[in-house]
Amino acid sequence: MALILLGILNQPYSYYEFLRVFVFIISIILTIQSFKKINKIGFEYLYLGIVILFNPIFPIYLSKDVWVIFDLITIILLGISLALDKN
């Protein structure tokens, strides 16, 4: 979440490429772990949405202003999901 927050500031383009790949990989891991759980509470679809948004293979190109909004939403939702899903 801290790396996404740093992405809100003006960073070199290489940082955003790194961030896209990093968040993509972490989100895939969270998605897989969430789908394996017996007691699903819907976070698997949140993580899957983040996988799609930060996908480096077929990137979604948005303006910086729109990315800042999505970054903040992602940070908030990840924080909530990780706080509620401590297992």
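Refer to the structure printed above.
Summarised in this report is the structure supplied together with it. (Residues numbered from 1 in each chain as written. Predicted model: local features only at pLDDT ≥ 70, side-chain atom pairs only at ≥ 80, totals over all residues. Heavy atoms only, no water.)

Before going further, it helps to examine the overall build of the protein chain. Counting its regular elements, the protein chain contains four helices and zero strands. In sequence order, the protein chain lays out its α and β elements as α-α-α-α. Rg of the C-alpha trace for the protein chain: 13 Å, near the compact-globule value of 12 Å for 87 residues, within the 12% margin. Overall, the C-alpha framework of the protein chain stretches about 40 × 25 × 15 Å when taken along its three principal axes. Burial statistics for the protein chain: of 87 residues in total, 31% are counted as buried. (Helix = DSSP H or I, 4+ residues; strand = E, 2+ residues; numbered from the N terminus. Rg over C-alpha atoms; globule rule 2.2 N^0.38 Å. Buried < 20%, exposed > 50% of the residue type's maximum accessible area, 1.4 Å probe, protein only.)

Before going further, it helps to spend a moment on a nonpolar patch on the surface. Taken together, the side chains of Leu62, Val66, Ile69, Phe70, Ile73, Ile76, Leu77, Ile80 and Leu84 define a hydrophobic patch exposed on the protein surface, amounting to about 750 Å² of accessible area. Among the structural elements, Leu77 can be located in helix H4 (residues 64-84). (Patch = residues over 30% accessible without salt bridge, like charges linked within 9 Å, V, L, I, M, F, W, Y side chains within 5 Å. Areas by Shrake-Rupley, 256 points an atom, 1.4 Å probe, with all protein chains shown as cover. Salt bridge = Lys/Arg side-chain N within 4 Å of Asp/Glu carboxyl O.)

The final tally for this structure, using the stated rule, is six aromatic pairs. Between Tyr15 and Phe18, the ring centres sit 6.2 Å apart and the planes meet at 50°, which makes this aromatic pair tilted. Placement of the pair is Tyr15 and Phe18 together in helix H2 (residues 13-36), with a separation of three residues, close to one helical turn. Exposure remark for Tyr15: the relative accessible area of 14% places this residue in the buried category. We classify Phe18 as partly exposed; its relative accessible area is 42%. Geometrically, the ring pair formed by Phe43 and Tyr47 is tilted, given 6.4 Å between the ring centres and 35° between the ring planes. Taken together, the residues Phe43 and Tyr47, both in helix H3 (residues 43-53) and four residues apart, mark about one turn of the helix. Tyr47 shares its class with Phe43; the two are buried. (Phe/Tyr/Trp six-rings, centres within 6.5 Å; stacked < 30°, edge-to-face > 60°.)

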